[in-house]
Amino acid sequence: MKVQNYFSLGLLYFFAIICLPFSVFAQGGSSSASVSHLRNSGTLPPSESVVVEEYMNYHRHQLPMPSAKEKINLDLRWGKEEANSLSEDAYLQVGFTTHRSADFKNIPPLNLCLIIDKSGSMAGSNRMDKVKEALKAFVGKLRPDDILSIITFNNEAQVLLSASMVSENNSIIFSIDSLYPGGGTNISSGIVLGYQELLKNYDPKRVNRALLLTDGLANIGELNPEMISQKPAEQNYIRDINLSAIGVGIEYNSDLLRQLVKSGKGQIHFVGDEDDIKKVFVDEIGSLLAPVARKVHLKLEYQGLDLNTTYGYSPIVQEKTVNYYLPDMNGDLTQVVLLKFNLSLISSSHSVKATLTYTDAFSQKKEELIKTINLPVKLNKDNKKGYVEQYKESLEMMKYVLQDLEVRKNVSIALLAQALKESAQQYENQQKEQSNNTLKSALTQVNFLFEGQEDKDVKYVKNILENIEKNN
């Protein structure tokens, strides 16, 4: 069995930061840097920066919400509820949702440290003005009993605002307005000092967070990403203090920030224009205040099927089993995992059993959800092999097995994202013509799947690829 896995960066650990999206278009329950960054550049990105699952989960999915007694809802659905033996393909979508967190009354208070890059590289294109605007919008959402500290760094780190209750500090806005860029970028010193402030008020009953805002262009002090990431990894392991990062500007250092959030089990977001500032700092506050599940593991066991393709993530594939070690989950999350199977027509039963295990973020108890989905197969007795083979290979058949429009949407976005990644790899290997053809082929395929239909989420990703194709 050949399994194609289009994402090879390794597991990225994403713990949601400020995530309360009210738009059905863009959600904040998962990292968005890969999509937002590229939207603002218009050029073919480095292949390693294209994270397929960030494209799949950038928009808000239309999935059932958990019941009042549930923390997470697990949803299984096929692209088509009944398979036809004319086609070998069957697409499965596994979806997750958590409750929206519009009411913060029952959410534990924060112990939050903002670690802000004020180096000279933050001066370009009004970056610091954008950061100030975003920060002031964000702190306006904090509650009186939340604890806030602010660290700034350039050549070295300074405490701009000592850790204190929001209700007891009247100088927060003044402190933010006092930020002006200049000097080098010593990220490591900012992180170390930030954790010192967090530890002053560390309380397992609070939501303890470090939030780093930077372009990631470190040039002073420790420069090795693994060494810089040691402090977040240590504090996350010992005290469950998470670090998330906001990349600022088109040229932010994606590699360093991804290493940091992997170590701190956080998310990476991107602030490039007013839309992203609103998305990250205003609409997405809820999930920072509402951790739901940690150590999330999805196990899929299937029979009567052969695994063909996984989209995004880095699942561990074993005999008739696929294991996903997923990001920690916060409130207001909608998330999907996509797989493509081939039918085994000699089998009388075709099914997938999903087992989701996680640790409750507050009770620390291990929870388990189990659901099974069957796939009835309608046998077609047409013996005209030439016609059947031609039909099986056509886009018409792909559209036929993707009749659920939500699954079709998400598969289409995944196809576009993986094509973008593949195109970037080909370009890096000096295969420019092949790179352009990869983009064109994916766009043609998705245009056919949504022929006569308009879907704003698909169109959003299509526009990214079309813009790149035009510019290259």
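Everything discussed here concerns the structure shown above.
This report concerns the structure included in the present document. (Residues numbered from 1 in each chain as written. Predicted model: local features only at pLDDT ≥ 70, side-chain atom pairs only at ≥ 80, totals over all residues. Heavy atoms only, no water.)

Looking at the overall build of the protein chain
Scanning the protein chain for helices and strands turns up 14 helices and 19 strands. In the protein chain, buried positions account for 58% of the 472 residues. Long-range pairs, those at least 24 residues apart, make up 78% of the contacts in the protein chain with a sequence separation of at least 6. Carbon and sulfur atoms make up 47% of the accessible area of the protein chain, which totals about 19,500 Å². (Helix = DSSP H or I, 4+ residues; strand = E, 2+ residues; numbered from the N terminus. Buried < 20%, exposed > 50% of the residue type's maximum accessible area, 1.4 Å probe, protein only. Contact = heavy atoms within 4.5 Å. Areas by Shrake-Rupley, 256 points an atom, 1.4 Å probe, with all protein chains shown as cover.)

Notes on the pairing of strand 7 (residues 157-165)
In the sheet, strand 6 (residues 147-153) pairs with strand 7 via 6 bridges, with the strands oriented antiparallel. Within the sheet, the bridge partner assigned to Ile-151 lies in strand 7 and is Val-159. Following strand 6, the chain reverses through 3 residues before pairing antiparallel with strand 7. (Pairing = 2+ DSSP bridges.)

Brief notes about helix 5 (residues 187-200)
Helix length check: helix 5, at 14 residues, gives a terminal C-alpha distance of 21 Å against a target of 20 Å (1.5 Å per residue), a fit within 8%. Burial of helix 5 is extensive: 10 of the 14 residues sit out of reach of the surface. By the burial criterion, the buried members of helix 5 are Ile-187, Ser-188, Ser-189, Gly-190, Ile-191, Leu-193, Gly-194, Tyr-195, Glu-197 and Leu-198. (Expected span 1.5 Å × (residues − 1).)

Notes on empty space enclosed by the protein
For the structure on display, the rule yields 4 cavities of 30 Å³ or more. Taken as a whole, the second largest cavity holds about 70 Å³ of empty space. In terms of lining, the second largest cavity is formed by Trp-78, Gly-79, Lys-80, Glu-82, Ala-83, Asn-84, Asp-89, Ala-90, Tyr-91, Leu-375 and Val-401. In terms of residues, the lining of the second largest cavity owes the most to one element, strand 4 (residues 89-98), which gives 3 residues. In the lining of the second largest cavity, the residues fall into 6 nonpolar, 2 polar and 3 charged. (1 Å grid on protein atoms, 1.4 Å probe; cavity = no way out; pocket = protein on both sides within 12 Å on 5 of 7 lines; lining within 4 Å. Points joined across faces, edges and corners; volume = space filled by probe spheres on them. Nonpolar A, V, L, I, M, F, W, Y, C, P; charged D, E, K, R; others polar.)

Concerning the packing of helix 13 (residues 432-449) against helix 14 (residues 456-471)
Interhelical geometry of helix 13 versus helix 14 gives an angle of 150 degrees and a closest axis separation of 10 Å. With respect to their mutual orientation, helix 13 and helix 14 come out roughly antiparallel. Two packed elements cross with a definite hand, and for helix 13 against helix 14 that hand is left-handed. In this structure, helix 13 uses Leu-439, Lys-440, Leu-443, Val-446 and Asn-447 to contact helix 14, whose residues at the interface are Val-458, Lys-462, Leu-465, Glu-466, Ile-468 and Glu-469. Residues that form the contact of helix 13 with helix 14 fall into these classes: 6 nonpolar, 1 polar and 4 charged. (Axes fitted to C-alpha atoms, helices over the stretch in contact; angles between N-to-C directions. Parallel < 35°, antiparallel > 145°, perpendicular 65-115°, else oblique. Left-handed = near helix turned anticlockwise from the far one by under 90°.)

Section: the packing of aromatic side chains
One pass over the full model with this rule turns up 4 aromatic pairs. Each ring, one from Tyr-313 and one from Tyr-324, has its centre 5.9 Å from the other, and the planes form 90 degrees; the classification is edge-to-face. Residue Tyr-313 is found in the loop between strand 12 (305-311) and strand 13 (316-318), and its partner Tyr-324 is found in strand 14 (residues 321-326); the two are separated by 11 residues along the sequence. Relative accessible area serves as the criterion here: at 1%, Tyr-324 is assigned to the buried category. By the ring-pair criterion, three or more aromatic residues cluster together here, those being Trp-78, Tyr-302 and Phe-341. Above the ring of Tyr-180, the side-chain terminus of Lys-132 is found at 4.1 Å from the ring centroid. (Phe/Tyr/Trp six-rings, centres within 6.5 Å; stacked < 30°, edge-to-face > 60°. Lys NZ or Arg CZ within 6 Å of the ring centre and 35° of its normal.)

As for the nonpolar core
By size, the foremost hydrophobic cluster in this structure holds 71 residues, and its most contacted members are Val-94, Phe-96, Leu-298 and Leu-339. Per-element tally for this core: the top contributor is helix 12 (residues 405-428), with 10 residues. Not counting the four nearest positions on each side in its chain, Phe-96 is found in contact with Leu-63, Ile-72, Asn-73, Leu-74, Leu-298, Leu-326, Met-329, Leu-333, Thr-334, Gln-335, Val-337 and Leu-356. By size, the runner-up hydrophobic cluster in this structure holds 23 residues, among which are Val-131, Ile-172, Leu-179 and Ile-246. (Core = buried A, V, L, I, M, F, W, Y, C linked by side-chain atoms within 4.5 Å.)

A short note on the packing of helix 12 against helix 13
Pairs of packed helices are described in terms of their axes, by the angle between the two and the distance that separates them. Contact geometry of helix 12 with helix 13 gives a least axis separation of 8 Å together with a crossing angle of 175 degrees. If you check the angle between helix 12 and helix 13, you find them roughly antiparallel. Touching Arg-408, Ser-412, Leu-415, Leu-416, Ala-419, Leu-420, Glu-422, Ser-423, Gln-426 and Tyr-427 of helix 12 are Lys-432, Gln-434, Ser-435, Thr-438, Leu-439, Ala-442, Leu-443, Gln-445, Val-446 and Leu-449, all from helix 13. Along the lines of polarity and charge, the residues of the contact of helix 12 with helix 13 split into 10 nonpolar, 7 polar and 3 charged.

Let's talk about the pairing of strand 4
Strand 4 sits mainly inside the fold: 9 of its 10 residues count as buried. Direction of pairing for strand 2 (residues 72-78) relative to strand 4: antiparallel, over a ladder of 7 bridges. Note on strand 4: the bridge partner recorded for Asp-75 is Gly-95. Where strand 4 and strand 16 (residues 334-343) come together, 9 bridges link them in antiparallel fashion. Looking at the pairing, Val-94 lines up with Val-337 of strand 16.

Overview of the pattern of salt bridges
Side chains that differ in charge, positive against negative, can pair when their charged atoms come close. Tallied over the full model, the rule gives 14 salt bridges. Residues Asp-177 and Lys-136 are paired through a salt bridge, measuring 2.9 Å at the closest nitrogen-oxygen approach. Note that Asp-177 is positioned in helix 4 (residues 172-177) and Lys-136 in helix 3 (residues 127-139), a separation of 41 residues in sequence. By relative accessible area, Asp-177 is classed as partly exposed at 34%. The closest approach of N and O atoms between Lys-409 and Glu-406, which form a salt bridge, is 3.8 Å. Of this pair, Lys-409 and Glu-406 both sit in helix 12, 3 residues apart, which is roughly one turn of the helix. Given a relative accessible area of 17%, Glu-406 falls into the buried group. (Salt bridge = Lys/Arg side-chain N within 4 Å of Asp/Glu carboxyl O.)

Quick word on unusual backbone geometry
The backbone of Lys-295 sits at a positive phi, close to 50 degrees, despite the residue not being glycine. Among the residues examined, Lys-295 registers a relative accessible area of 65% and is labelled exposed. Despite not being glycine, Tyr-313 shows a phi value in the positive range, around 60 degrees. For Tyr-313, a relative accessible area of 5% corresponds to the buried category.

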